[in-house]
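# Residue-level structure breakdown
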Amino acid sequence: MYFAELFAKSFARGMGKNFLATLLSNLSAGETTAAAGAITVPELFALMESVDTAYAMSPNAGFLMQWQTYLAIRAAATVGGQLAPYTMPDGSPAILGKKVFFCPNMDAIGSSKVPIIFGDLSRHAIRAVTDAFSSFRYDEKYMVQHQKAIQAYWRADSLLLQGSNTDAPMKTLACHS
């Protein structure tokens, strides 16, 4: 189990950037913020409204963002002068009743950045080649330090599942320039 956890972190950091780049290249902006360095609750509602209702109401719908973006929204968002609930019944983070998923490769809030994706996240598919995972152990290279290294390889790619070119299961929130 220990190696599986290490490989998972390594793949998420390396392949996650490519998966995110593929996803962002197929998405359009659902909303643009009024300020370059802040996100407001009405802008989040506008982003949610820009996504087709069938996708927005899907059990797989949610927000994808960095942890720091979530904290910035949580600090600023109020409903009727009180903080809005930020967890789902199962305890997972939420904004406006939708789950939040964290991706360290997403942009931070800033001028001309794309810090948030909203929509049916299950529409982003990852395809792995069958039996493509392999690992190699380096015995001699690190022998001087009494260490061993293991390098893993996995062939995979991703794509956005769309019914047509106009189908938009997810949209982005873009920061003003």
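This text goes with the structure placed above it.
Everything quoted here is computed from the prediction, not taken from an experiment. (Residues numbered from 1 in each chain as written. Predicted model: local features only at pLDDT ≥ 70, side-chain atom pairs only at ≥ 80, totals over all residues. Heavy atoms only, no water.)

### Topic: the environment of alanine 149
Inspection of the secondary structure puts alanine 149 in strand 10 (residues 149-153). Discounting chain neighbours no more than four positions away, the residues touching alanine 149 are Phe136, Arg137, Tyr138 and Tyr142. (Helix = DSSP H or I, 4+ residues; strand = E, 2+ residues; numbered from the N terminus. Contact = heavy atoms within 4.5 Å.)

### Comments concerning the packing of aromatic side chains
Scanning the entire structure with this criterion turns up five aromatic pairs. Consider the rings of phenylalanine 63 and phenylalanine 118, whose centres lie 4.7 Å apart with planes at 45 degrees: the pair is tilted. Remark: phenylalanine 118 occurs in strand 7 (residues 116-120) and phenylalanine 63 occurs in strand 2 (residues 61-65); sequence separation between them is 55 residues. For the pair tryptophan 67 and tyrosine 70, a centre-to-centre distance of 5.6 Å together with 35 degrees between the ring planes defines the contact as tilted. (Phe/Tyr/Trp six-rings, centres within 6.5 Å; stacked < 30°, edge-to-face > 60°.)

### Structural notes on the environment of valine 51
Its location among the elements puts valine 51 in the loop between helix 2 (41-50) and helix 3 (53-56). A relative accessible area of 3% means that valine 51 is categorised as buried. Note: C-alpha distance between valine 51 and methionine 170 (119 residues apart in sequence) is 6.3 Å. In contact with valine 51, not counting residues within four places along its chain, are Ala56, Phe118, Gly119, Ala168, Pro169 and Lys171. (Buried < 20%, exposed > 50% of the residue type's maximum accessible area, 1.4 Å probe, protein only.)

By themselves, these are just geometric observations and shouldn't be taken as functional.
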